[in-house]
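Spelled out from the first residue to the last, the chains are:
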Amino acid sequence: MAKLNKFNAVKRFINDFPGTESLFFGEAAVKGGLITNRRTSLEYTQEELAEKTGLPAERIYLAEGGAVELDKSEYEKIFSTLKITESDITEFRTFFKKRSGQLVPQ
């Protein structure tokens, strides 16, 4: 029930503040969710991932938060380190669409 209430709160926020949908359901949010899922399944901390990619830890935080779109080269370093493929991104995007019930930009 708590998850449903949170989702409804997000929907109300989006309705109250037009233009904020991409913060919750945009491409950066999809990539952030995938990065977080893969990193935690590999049991890396954010700091360990930062070290492995050569990126500052705050770029990893921002990537996982999903509110900021990173540079293509930053995503490439993260995806390469986590062995995330285009197929993984497409699959997660589809999962994310179904779960959120929203259209996610491609």
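Going by the structure above, here's the rest.
Quick caveat: nothing in here was measured; it's all calculated off a predicted structure.

### Topic: the packing of helix α4 (residues 46-53) against helix α5 (residues 57-65)
Orientation of α4 relative to α5, taken along the N-to-C sense of each, is 115°, at an axis distance of 8 Å. As α4 runs across α5, the sense of the crossing is right-handed. Of α5, the residues touching α4 (which contributes Gln 46, Glu 47, Leu 49, Ala 50 and Thr 53) are Ala 57, Ile 60, Tyr 61 and Glu 64. Partitioned by chemical class, the residues of the contact of α4 with α5 number five nonpolar, two polar and two charged.

### Considering the pattern of salt bridges
Scanning all chains against the criterion turns up five salt bridges. We note a salt bridge from Arg 59 to Glu 74, for which the minimum N-O separation is 2.8 Å. Placement of Arg 59 in helix α5 and of Glu 74 in helix α6 (residues 72-82) is noted, with a sequence separation of 15 residues between them. We classify Glu 74 as buried; its relative accessible area is 10%.

Conventions and cut-offs
- Residues numbered from 1 in each chain as written.
- Predicted model: local features only at pLDDT ≥ 70, side-chain atom pairs only at ≥ 80, totals over all residues.
- Heavy atoms only, no water.
- Axes fitted to C-alpha atoms, helices over the stretch in contact; angles between N-to-C directions.
- Helix = DSSP H or I, 4+ residues; strand = E, 2+ residues; numbered from the N terminus.
- Left-handed = near helix turned anticlockwise from the far one by under 90°.
- Contact = heavy atoms within 4.5 Å.
- Nonpolar A, V, L, I, M, F, W, Y, C, P; charged D, E, K, R; others polar.
- Salt bridge = Lys/Arg side-chain N within 4 Å of Asp/Glu carboxyl O.
- Buried < 20%, exposed > 50% of the residue type's maximum accessible area, 1.4 Å probe, protein only.

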